[in-house]
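Observations on the model geometry
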Protein chains: 2
Amino acid sequence: MSRQPEKALLDALKALLGPKGFTQDPVVMAPYLEDWRGKLKGEAAALLSPASTQEVVAIMKMASEAKVAVVPQGGNSSTVGGATPSKDGAALLLSTKRLNAIRAISPEESCATVEAGVILSALHEAADKHNLRFPLNIASKDMATIGGLISTNAGGSHVLRFGQMRASVLGIEVVFPDGSLLENLRPLRKDNQGYDLRQLLAGAEGSLGVITAASLRLIPKPHSKIVIWVGVESPSAALALLRHLEKESGETVEVFELIESSLIELVLKHIPDTEIPTEKAYPWYVLIEATAFSEDFDLEALMVNILADATEKKEILEAVIAQNETQAGKLWRLRETIPLAERSEGFAVKHDISVPVSAMPSFIEQESRAIQEKFPGTTVLAFGHLGDGNVHFNVCPPKEVTDQLGWVENEGIAVSHFVYERVMANGGAISAEHGIGQTKLADFMRFGNKTKIQALKAIKKAIDPQSIMNPGKLLPVEQAE
Amino acid sequence: MSRQPEKALLDALKALLGPKGFTQDPVVMAPYLEDWRGKLKGEAAALLSPASTQEVVAIMKMASEAKVAVVPQGGNSSTVGGATPSKDGAALLLSTKRLNAIRAISPEESCATVEAGVILSALHEAADKHNLRFPLNIASKDMATIGGLISTNAGGSHVLRFGQMRASVLGIEVVFPDGSLLENLRPLRKDNQGYDLRQLLAGAEGSLGVITAASLRLIPKPHSKIVIWVGVESPSAALALLRHLEKESGETVEVFELIESSLIELVLKHIPDTEIPTEKAYPWYVLIEATAFSEDFDLEALMVNILADATEKKEILEAVIAQNETQAGKLWRLRETIPLAERSEGFAVKHDISVPVSAMPSFIEQESRAIQEKFPGTTVLAFGHLGDGNVHFNVCPPKEVTDQLGWVENEGIAVSHFVYERVMANGGAISAEHGIGQTKLADFMRFGNKTKIQALKAIKKAIDPQSIMNPGKLLPVEQAE
C-alpha cells in the first residue's frame with residue numbers, strides 16, 4: 001500500500017523539477033484531476049510535469065523510496081478513468097505533457113522516435129512532412145498522447161488493416177516503479193531476446209511503469225484513397241460485404257464502420273449541415289475507406305466492380321462513392337459526430353465490447369432484442385468496427401423517462417451486467433479498446449477470467465511490489481501483507 | 001530449484017497417461033533427448049506424451065507438487081537447444097506430439113483453432129482446403145509445431161508483410177506451472193482486458209507454461225503471385241530497391257531475401273541441378289516474392305515497370321521473373337538449400353542477428369571487413385531477411401584450417417563475442433528469430449540489457465516461482481533462497 005507524501009519529499013520534488021515542473025496550485029491542477037467527460041474527480045498531492053526522462057527516473061526513485069503512488073497521465077482522454085487519481089489525494093500526478101519532443105523521424109528506417117507526451121495529430125503532421133504516415137487514428141487525436149496510446153493499446157478506425165497500437169511499437173523507453181530505466185528504443189523489427197516487454201507495457205495502463213518515449217513504425221502514404229457509404233439490410237449483410245471486399249481487394253480496406261440508422265437520424269437531428277448521402281434510408285449503413293499504394297492500381301474501378309457484384313448478391317442496397325475530398329469529409333462527418341449527437345440526445349449506458357467477428361451480426365441482432373425485452377422501453381444503438389468484432393453498444397433509457405441521468409445511474413449496473421453476461425456467453429471481452437481503468441475494474445473482476453486475473457496480479461506484484469504505479473487501475477489495490 | 005522425480009510420481013504419471021503417453025525406454029526417448037543438429041544431448045526421467053489438455057493439467061499439478069522440472073517439446077527443431085533437457089536427467093520431457101488435432105477452421109472467422117502439436121505444413125494444407133492461408137513459413141515447416149512456433153515467436157521468410165508468429169495469435173490455451181488452465185481461445189481481434197498474456201507467452205520459450213492450443217488468424221489466398229530474382233551491386237542497393245518497391249507497390253512484397261554471391265556459389269557446388277538464373281554473376285542477389293489479392297490488379301505489369309525504373313536508377317543490375325511454377329520453384333530452391341550447401345562445405349560460426357533495417361547494409365559491409373581483419377583468413381557469408389533487419393551472419397574458418405569443427409569450437413566464442421559487440425554497438429539484438437534457449441543464454445546474460453533481464457527474471461519468478469518450467473532456458477536457473 002502506498003503512503004501519503006511527506007513535506008520533505010514534496011520539497012525535494014519541487015527543487016528537482018522547478019516551477020514549470022511542480023505545482024500544488026488547485027486552479028492549475030483542476031483540469032488534470034477530472035476526467036474529460038467530467039464524471040470522475042480525484043485529488044493529488046502535487047502535479048509533476050517532468051521535462052526529461054532523467055527527471056522521470058529521479059521522480060520514480062524518490063516516490064519508490066517513500067512508497068508514494070504515482071499516477072501517469074497523457075492527454076487525459078481515457079474513457080475509463082485510467083489517468084484520474086483516487087480521491088484520497090495521496091498520489092503524485094505525473095503529466096507527460098512536457099515530454100513532447102519528436103526526437104527523430106527516419107525515412108530510411110520508416111520510423112519515428114517520439115516522447116510520450118507527443119499528441120497523435122502532431123505525429124500525423126510530422127510524418128506527413130516526410131511523405132510518410134502513422135496509420136492509427138482515433139476521434140481524440142488532438143488530445144491523446146503517444147504514451148497514453150501505447151499504455152491503453154489504443155484502437156480506432158484503422159485497426160482492421162494496421163492493428164492496434166501495439167502493432168506499431170518497435171522500441172520503447174520506460175521507467176520502472178523502482179526508477180530503473182529501460183532504454184529499448186532501437187527500432188528492431190525482430191528481437192527474440194526473451195519476453196517482449198514492449199508488448200507487456202502496451203495495454204498495461206501505466207500500472208507497470210512510466211513510458212517516456214517510443215519508436216514507432218511508419219508506412220508510405222497511399223497513392224489513392226476511396227471513401228464509400230453503403231446502405232445494407234442487416235449486420236449479417238455488412239459482414240458478407242466485408243468478406244467479399246477482403247477476398248477481391250485484399251488489404252485495400254482500411255475502414256469498415258457499421259452504423260445503425262437510428263444513430264444517423266440522431267446525427268441529422270443534432271448536427272447541422274448533415275444529410276443521408278444515399279437516395280433512400282436503410283436500416284444499417286457502412287462507411288468504407290480503402291487505399292492503394294500503386295499508381296498503376298485503379299482502385300475506383302475495382303471498387304465499382306465489387307460494389308456492382310455485391311448489389312447483385314444483395315449484400316448492399318445502395319452505394320455512394322465520394323467524388324472528392326469534400327464529399328469524403330461529409331461521409332466521415334456522419335460517423336465522427338455520432339458520439340456528439342448521442343450526447344446531445346441524452347444519456348445512455350455505454351459499452352465498448354468485442355466478440356468474435358463472425359458472431360457479431362447475431363450478437364447485435366439477438367442481444368438488442370433480449371435487452372429490450374428485459375428492460376422494456378429501452379433502445380439499443382450499435383455502431384463500430386465490425387471487422388474487428390468491436391461495437392459500441394449503447395442502451396438508451398425509455399422515452400418516458402425524464403431524469404435520464406438518474407435512470408443511467410440507477411439502472412446502469414443491471415443493464416451492463418446483462419450486456420456483459422451476454423458478451424461472455426458469446427466468447428467476448430467487456431473491454432475491446434478502452435481498457436479497464438477504474439470504471440470497469442469491478443466488472444473485470446466479476447466477469448474476467450479468474451486464471452488470467454491471477455497471472456496479471458502476479459506480474460503486477462513482480463514489477464511493482466509496492467503497488468505505487470497507478471494503483472487501483474486495471475487491478476485492485478492489494479491489501480498490505 | 002527443481003528436484004529429481006521419485007518413483008511414486010513416475011508411477012502416478014504412468015497410470016495417468018498409459019503406455020502411449022508414458023515411456024522410459026531409452027531407445028524410444030533417444031531422438032527427443034538430442035537436438036536436431038546433433039550438437040546437444042540431454043537426459044530425462046521419462047517422456048510424457050499427453051493426449052489432451054486435461055492430461056497436461058494433471059501432469060503440471062503433479063510436477064508442481066513434487067517440484068519436478070518439465071521441459072516442453074514440439075517439433076524439436078530449435079536451433080538454440082530450447083527443447084533439449086539438461087544432462088542431470090531430473091526433468092520430465094513433455095512432448096506435444098499427440099496434441100495434434102485441428103479443432104476447427106472457420107472461414108467465417110478467418111481463423112483456425114489448432115492444438116499445440118499440429119505441424120506447420122499440416123496447418124498450411126488444412127487452410128488451403130478452405131481456400132485460406134496461414135502465411136508464416138519457415139524452412140523447418142515439416143517439423144515445427146504450432147506450440148513451438150508460438151513459444152519461439154517464429155519468423156521466417158514472410159515476416160516482412162505478415163509479422164512474426166505473435167501477430168497471428170488471436171487466442172491461446174495454456175497450462176501454467178501450477179497446473180491452472182487459461183482457456184483463452186476466443187479469437188478476439190480486440191481484447192483490452194489487462195496485460196496481453198497471448199503476447200507474453202509468445203516468445204517465452206516454454207518458460208512460463210505449456211501452450212496446448214491456439215486460435216490463429218488466417219488470410220485469403222492471393223489471386224496472383226510473382227517470384228523475381230535480381231542481381232545487385234551491394235546491400236545498400238538492395239535496400240534502396242526494397243524501399244522503392246514498398247513505395248510503388250505497397251504491401252504486395254512478401255519476401256525480400258538478400259544473398260551473398262559466395263553462398264550461391266556454394267549452392268551451385270553442392271546442390272545438384274542448380275544454376276544462376278541471371279545471364280551474368282553479381283556480387284549480391286535478392287529473391288523477391290510479391291502477391292496481389294485482386295484479379296483486376298496486373299501484378300506482373302506493375303513489377304516490370306518498377307524493375308525497369310530500378311534498373312535506370314542502378315538499384316538493380318539484372319532481373320529475372322519466373323514465368324511459371326517450375327521456374328519459381330527453382331529460384332526458391334537457390335535460397336532454401338543455402339543451409340544444406342553451407343553444411344556440405346564445412347563448419348562455420350553462425351549468428352542470427354538483427355539491427356535496425358537502415359543500418360543493415362553498412363553493418364554487413366563494415367563488419368564483414370572488421371571480422372576478416374580481426375580473424376585473418378576467415379570469410380563472412382551473409383544472407384537473410386533484409387526488410388526485417390535480420391541476417392544470418394556466418395563466419396567460416398580460414399581455408400588452410402583442416403580441423404574445421406575444432407576451429408569452430410576453439411575460436412567460436414571469440415568470434416561470436418566480436419560479432420555480438422558489433423551488433424550491440426549498432427543497436428541490434430543477438431537473437432533475431434531463433435530465441436535464447438540454452439546455447440545463447442550466456443551471451444544473453446553478457447550482452448543483454450541488464451534492466452530488461454531483471455524484469456524478465458521478476459516475471460519468471462512470478463509465474464513459475466518453483467522454477468520448474470523449462471529451467472535453464474532463456475533465463476538461468478535461480479539459486480535456492
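Residues numbered from 1 in each chain as written. Chains lettered and ligands numbered in written order. Predicted model: local features only at pLDDT ≥ 70, side-chain atom pairs only at ≥ 80, totals over all residues. Heavy atoms only, no water.

**What about helix α10 (residues 299-312) of chain A?**
All names here are of chain A. Along its 14 residues, α10 runs 20 Å from first to last C-alpha, staying within 8% of the 20 Å computed at 1.5 Å per residue. Among all positions of α10, only Leu 299, Leu 302, Met 303, Ile 306, Leu 307 and Ala 310 are buried. The buried residues of α10 all sit within an arc of 130° when viewed along its axis, so they share a single face. Where the residues of α10 are buried, they touch β12 (224-232), α8 (235-249), β14 (284-292) and β15 (318-321). Of the residues flanking the end of α10, it is Lys 314, one or two places downstream, whose phi is positive at about 65°. (Helix = DSSP H or I, 4+ residues; strand = E, 2+ residues; numbered from the N terminus. Expected span 1.5 Å × (residues − 1). Buried < 20%, exposed > 50% of the residue type's maximum accessible area, 1.4 Å probe, protein only. Arc of directions from axis to C-beta. Contact = heavy atoms within 4.5 Å.)

**Regarding the interface of chain B and chain A**
Opposite the 87 residues of chain B that make contact, chain A presents 87 residues. Approximately 6,700 Å² of surface area, both sides summed, lies buried where chain B meets chain A, with 54% of it carried by carbon and sulfur atoms. Summed over the shared surface of chain B and chain A, the result is six salt bridges. Of the charged contacts, one joins A:Lys190 and B:Asp388 as a salt bridge, the two residues approaching to 3.2 Å between their closest N and O atoms. Between chain B and chain A we count 34 residue pairs in polar contact (both at pLDDT 80 or more) in total. The element contributing the most residues to the side of chain B that touches chain A is helix α16 (residues 450-463) of chain B, with 10 residues. (Buried area = accessible area lost by both parts, 1.4 Å probe. Salt bridge = Lys/Arg side-chain N within 4 Å of Asp/Glu carboxyl O. Polar contact = N/O pair within 3.5 Å; in protein donor to acceptor, adjacent residues only side chain to side chain.)

**Regarding the environment of A:Ser416**
Take A:Ser416: it is sitting in helix α14 (residues 404-425). If near-sequence neighbours (up to four positions away) are discounted, A:Ser416 is found in contact with A:Val349 and A:His351.

**Focus: the environment of A:Arg243**
Mapped onto the secondary structure, A:Arg243 falls in helix α8. For A:Arg243, the residues in contact, after removing those within four places along its chain, are A:Val357, B:Pro107, B:Glu108, B:Glu109 and B:Ser110. A polar contact of 3.0 Å, which involves the side chain of A:Arg243, links it to the backbone oxygen of B:Glu108.

**A few points about the side chain of B:Lys452**
Within the element layout of this structure, B:Lys452 appears in helix α16. In contact with B:Lys452, other than residues within four places in its own chain, are A:Leu182, A:Asp191, A:Gln193, A:Gly194, A:Tyr195 and A:Leu197.

**Remarks on the UniProt feature "domain: FAD-binding PCMH-type" (unreviewed entry) in chain A**
Annotation from UniProt places "domain: FAD-binding PCMH-type" (unreviewed entry) at residues 40-221 of chain A. Its end C-alpha atoms 39 Å apart, residues 40-221 of chain A is made of 21% helix and 24% strand. (UniProt positions renumbered as here; feature names shortened; annotations may be inferred.)

**Considering the domain arrangement of chain A**
Residue and element names in this part refer to chain A. One can read the domain layout of chain A as domain 1 (102-220), domain 2 (224-339) and domain 3 (346-425). Each of domain 1 and domain 2 has a C-alpha centre, and these two points are 30 Å apart. Listed as interface residues are eight residues of domain 1 and, on the opposing side, 14 residues of domain 2. Of the roughly 860 Å² buried between domain 1 and domain 2, counting both surfaces, carbon and sulfur atoms make up 52%. For the domain 1 face of the interface with domain 2, the top three residues by lost area are Ser 157, Leu 160 and Arg 161, together amounting to 64%. Across the domain 1-domain 2 interface, the total number found is two salt bridges. Ranked by residue count, the leading element in the side of domain 1 that touches domain 2 is helix α6 (residues 159-162), at three residues. (Domains from an automatic or database assignment.)

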